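Observations on chain architecture
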Amino acid sequence: MSFGETSVTLVGNLTDEPELRFTEGGAALAKFTIAVTPRAFDRTSNQWKDGTTAFYRCAAWRTLAEHIAESLKKGSRVVASGRMRQHDWTTDQGEKRSMLAVEVDDIGASVRFTTVSINAKSATGNGPTGDDPWAKTGAAAGATTEAEPPF
């Protein structure tokens, strides 16, 4: 992130399946929307009340985009961090338009109301990375009979 960018963290639900596309150069792009609804406790009614839902259009690039398309579905509760971006354009009728969107740098499933399974992938997408000592077990991890941990 560079100086002056507006960073955001969103906690909400995907409104639809992520849309995965590829640029002419072959870069993966995932587009999706996260709905964020604030909740507040109303002491007079002794109940939780939903506020106004805000819908954030999001985009993610490259490997992250592919992982999003493979892992997340409509309704998935997520925690996403990224940067607000303003997009400006002119319509065919000459009208100037703009919109804010979030360029997602990282995203994960929220485990507040559910559980998830993690499937680690290497840079090639074929399983645990060779450089990850936590992904190895037994002799491959350098296990010894000593009581001291290897770190």
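Please refer to the structure placed before this passage.
Here's a quick rundown of the structure. (Residues numbered from 1 in each chain as written. Predicted model: local features only at pLDDT ≥ 70, side-chain atom pairs only at ≥ 80, totals over all residues. Heavy atoms only, no water.)

1. Concerning the pattern of salt bridges
How we decide: By definition, a salt bridge exists where a carboxyl oxygen of Asp or Glu is found within 4 Å of a side-chain nitrogen of Lys or Arg. By the criteria applied, helices consist of DSSP H or I runs no shorter than four residues and strands consist of E runs no shorter than two, each listed in order from the N terminus. Only protein chains enter the area calculation, which uses a 1.4 Å probe; residues under 20% of their type maximum are buried, those over 50% are exposed, and those in between are partly exposed.
All told, the structure shown has 9 salt bridges when counted by the stated rule. Here Arg-83 makes a salt bridge to Glu-5, at a shortest N to O gap of 3.6 Å. Taken together, the residues span a long stretch of sequence, with Arg-83 in strand β7 (residues 77–90) and Glu-5 in the segment before β1 (7–14) at a distance of 78 residues. Residue Arg-83 is classed as buried on the basis of its relative accessible area of 11%. Where Glu-103 meets Arg-85, a salt bridge forms, and the shortest distance between an N and an O atom there is 3.2 Å. Taken together, the residues span a long stretch of sequence, with Glu-103 in strand β8 (residues 96–109) and Arg-85 in strand β7 at a distance of 18 residues.

2. Looking at the environment of Gly-12
In plain terms, the rule: In what follows, residue pairs with any heavy atoms lying within 4.5 Å of each other are defined as contacts.
Relative to the elements of secondary structure, Gly-12 occurs in strand β1. Sequence spacing of Gly-12 and Ala-35 is 23 residues, and the spatial spacing of their C-alpha atoms is 5.3 Å. Every residue in contact with Gly-12, bar those within four places of it in the chain, is listed here: Ile-34, Ala-35, Val-36, Ser-76, Arg-77 and Val-78.

3. Considerations on the nonpolar core
Our working definition: Residues belong to a common nonpolar core when they are buried Ala, Val, Leu, Ile, Met, Phe, Trp, Tyr or Cys residues joined through side-chain atoms within 4.5 Å.
With 17 residues, the main nonpolar core has Phe-32, Ile-34, Cys-58, Ile-68, Val-104 and Ile-107 as its most contacted residues. With 4 residues, the single largest contributor to this core is strand β3 (residues 28–36). With near-sequence residues (within four places) excluded, Phe-32 lies in contact with Leu-14, Pro-18, Tyr-56, Arg-57, Cys-58, Ala-60, Ile-68, Val-104 and Ile-107.

4. As for the pairing of strand β2 (residues 19–22)
Within a regular strand, side chains alternate between the sheet's two faces. For clarity, the threshold we go by: Note on pairing: two strands pair once DSSP finds at least 2 bridges between them.
Inspection of the sheet shows β2 paired to β3 by 4 bridges, in the antiparallel sense. Across the sheet, Phe-22 pairs through a bridge with Ala-28, a residue of β3. Linkage of β2 to β3, two consecutive antiparallel strands, is achieved through a turn of 5 residues, within which Gly-26 is found at a positive phi near 95°.

5. Overview of the pairing of strand β4 (residues 39–42)
Across 4 bridges, β4 lies against strand β5 (residues 47–50) in antiparallel orientation. Paired with Phe-41 across the strands is Trp-48, a residue of β5.

6. Remarks on unusual backbone geometry
At Asn-46, a position not held by glycine, the phi torsion is positive, near 60°. By secondary structure assignment, the location of Asn-46 is in the loop between β4 and β5. Despite not being glycine, Arg-62 has its phi angle at roughly 60°, a positive value. Its location among the elements puts Arg-62 in helix α1 (residues 62–71). On the basis of relative accessible area, Arg-62 is assigned to the exposed category, the value being 53%.

7. Considerations on the packing of aromatic side chains
What counts here: Think of it this way: a Phe, Tyr or Trp ring, Trp meaning its six-membered ring, pairs with another when their centres are within 6.5 Å, and the plane angle makes it stacked under 30 degrees, edge-to-face over 60, tilted otherwise.
The full count for this structure, using the stated rule, is 1 aromatic pair. Here the aromatic rings of Phe-41 and Trp-48 are separated by 5.4 Å at their centres, their planes lie at 70°, and the arrangement is edge-to-face. Its relative accessible area of 38% is what places Phe-41 among the partly exposed residues. The exposure class assigned to Trp-48 is exposed, which follows from its relative accessible area of 51%.

8. Quick word on a nonpolar patch on the surface
Condition: Each patch is built from residues that are more than 30% exposed by relative accessible area and take part in no salt bridge. Like charges join if they lie within 9 Å; nonpolar side chains (Val, Leu, Ile, Met, Phe, Trp, Tyr) join within 5 Å. Per-residue accessibility takes into account occlusion by the displayed protein chains alone, with areas from the Shrake-Rupley method and a 1.4 Å probe.
Together, Val-111, Val-116 and Ile-118 make up a nonpolar patch on the protein surface, roughly 300 Å² of accessible area in all. Mapping Ile-118 onto the fold places it in the segment after β8.

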